[in-house]
Amino acid sequence: MNKKNYRKGFFIVIATAVVLLGWPKITNIGKSLIRSVSFPAERVGANINLRASDAASMISGIGSGPEREKQLSLQLVQAQSELNRLRNIESENVRLRKALGFKKTTPYNLIPANVINRNISGWWNTIRLEPGANKKIKANHAVLSPDGLVGKTFQINRYSCEVLLLSDPAFRVAAKLSDYDVFGIVKGMGKTLTGQPLVRMEFINKNIKIEIGDEVVTSGFNHNNNFFPSGIHIGYIEKIYIDDSGLFQHAEIIPRATGGLLDFLFIADEGKN
Amino acid sequence: MKTSLLLLFFFVSAAIIQQLSPNITFFGNIKFPFFSSIMVYACFRLSKRNAWICSLLSAIIFDSLEPGPYGPALLTYPVITFLILKFRNNLFHEGLVTQIICGGMCYFFITLTSGFFFLITNVREIDFFPLKLIGSLFLGSITLPICSYLLSNSIPSEERGGIR
């Protein structure tokens, strides 16, 4: 390649970079296209990873099989009795609401989702889930695991969607304490050097006494197209501080749910069950 | 054609492995750079034209798999390619020492540029940046020799007028 062609090539590269950087619509189309094309390969990779993990856990757990079964049976019985108790409470709640003339609260759908990949560079705390626009998944909807809030959907591709995890510094959600009407904003603070996710609740009224161990849940206040149903568990308060300005308190939270590769997650969706 | 398909297979595999691999928490949550190592390896072996095409396409693939805007890879990969093409005739790229130094420097440069890119565009907050830089030197210098050893001669060497 002569020098003229070499410079021409370099110029084309720089021009393409500038166009792609400055045009968000092209960025989104390009990203969605590449992710849709790479989706089958990613799915195969995720399946291989799942099988390998299953095999490894099977080998390591051969000796403790009967014990584990016993433990799971016990958990199942406990969960069933808890479910029955909650069903009774719910039916009583519906009866009372009817008696008082309240409108029926709209329950939300949970769409099951498989984790197919993590972030490629490690700069972002994100994961990729399997259903995408083909299953009518929308952006800014809550993603849950049985342990509580995991994150929110934010870039929807044809067959997959990106999830911004609770610990990512770009994550924000309106929250409250489960026991009192104390409100604030829960914000991701990244991860520690041991990999522990850091989450903080900010803008808590400084005149209200909050305690270590209080449960933090979503408040259900949604703006724009966000969909975070109220009452989703986020975590428990670990430390309490007064803000630098002296106007608010903030609290460090230990989140319970994590979006691991082997977790089975759910995307909250409006509408009745 | 065969080389292009092979390269595509290597890039897709590297992208999947890198995404599935866990973050190295004590290096500020960075990952082993399998993807960029394959790009560096290919740039050392391909003809100038093919190296540029490979660099640009791999940068687009990498940035597409990232949640942020196009930029971190699209700005750094061409610079790395330019430097490799400029100096590769003076380097013994099959040598372990060259691979260790080049791998470390390339990933260090990628991390440094990505950090500045995020800082300037205010896309996200940066934490443990010095640790990330040290980690990238270390992980890059490990990953490139491993990738080169695993791929060994699967990409024919075109850089000095060899097989095309």
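Everything quoted here is computed from the prediction, not taken from an experiment.

A. Expanded view of the interface of chain B and chain A. Taken together, the contact pairs 34 residues of chain B with 35 residues of chain A. Of all the secondary-structure elements, those providing two or more residues to the side of chain B that touches chain A are α1 (2-20), α3 (48-65) and α4 (72-87) of chain B. It is α3 of chain B that contributes the most residues to the side of chain B that touches chain A, eight residues altogether. For the side of chain B that touches chain A, a count of residues per class yields 18 nonpolar, nine polar and seven charged.

B. Examining the domain arrangement of chain A more closely. Residue and element names in this part refer to chain A. Once the domains are mapped, chain A shows domain 1 (3-61) and domain 2 (108-273). Taken over C-alpha atoms, the centre of domain 1 sits 26 Å from the centre of domain 2. For the side of domain 1 that touches domain 2, the per-class residue count stands at three nonpolar, four polar and four charged.

C. Representation of the sheet that holds strand β7 (residues 183-191) of chain A within the structure. Residue and element names in this part refer to chain A. On the basis of which strands lie adjacent, the closed barrel formed by six strands has the order β6-β7-β8-β11-β10-β9 and antiparallel pairing. Going from strand to strand, the sheet's axes swing by 45° on average, the running direction of each strand aside. Two strands pair when backbone bridges link them, and strand β9 (residues 215-218) and strand β10 (residues 233-242) are joined in this way by three bridges, in the antiparallel orientation. Residue V216 lies in a different strand from β10, and its bridge partner there is G235.

D. Highlighting unusual backbone geometry. Residue and element names in this part refer to chain A. The backbone phi angle of K136 is positive, close to 60°, even though this residue is not glycine. Within the secondary structure, K136 is located in the loop between β2 (126-129) and β3 (142-145). On the basis of neighbour count, K136 is assigned to the exposed category, with 10 C-beta atoms found within 10 Å. The phi torsion at N140 lies on the positive side, around 65°, for a residue other than glycine. By the element assignment, N140 lies in the loop between β2 and β3.

Procedures and definitions
Residues numbered from 1 in each chain as written. Chains lettered and ligands numbered in written order. Predicted model: local features only at pLDDT ≥ 70, side-chain atom pairs only at ≥ 80, totals over all residues. Contact = placed C-beta atoms within 7 Å. Helix = DSSP H or I, 4+ residues; strand = E, 2+ residues; numbered from the N terminus. Nonpolar A, V, L, I, M, F, W, Y, C, P; charged D, E, K, R; others polar. Domains from an automatic or database assignment. Pairing = 2+ DSSP bridges. Axes fitted to C-alpha atoms, helices over the stretch in contact; angles between N-to-C directions. Buried ≥ 20, exposed ≤ 12 C-beta atoms within 10 Å, placed from the backbone.

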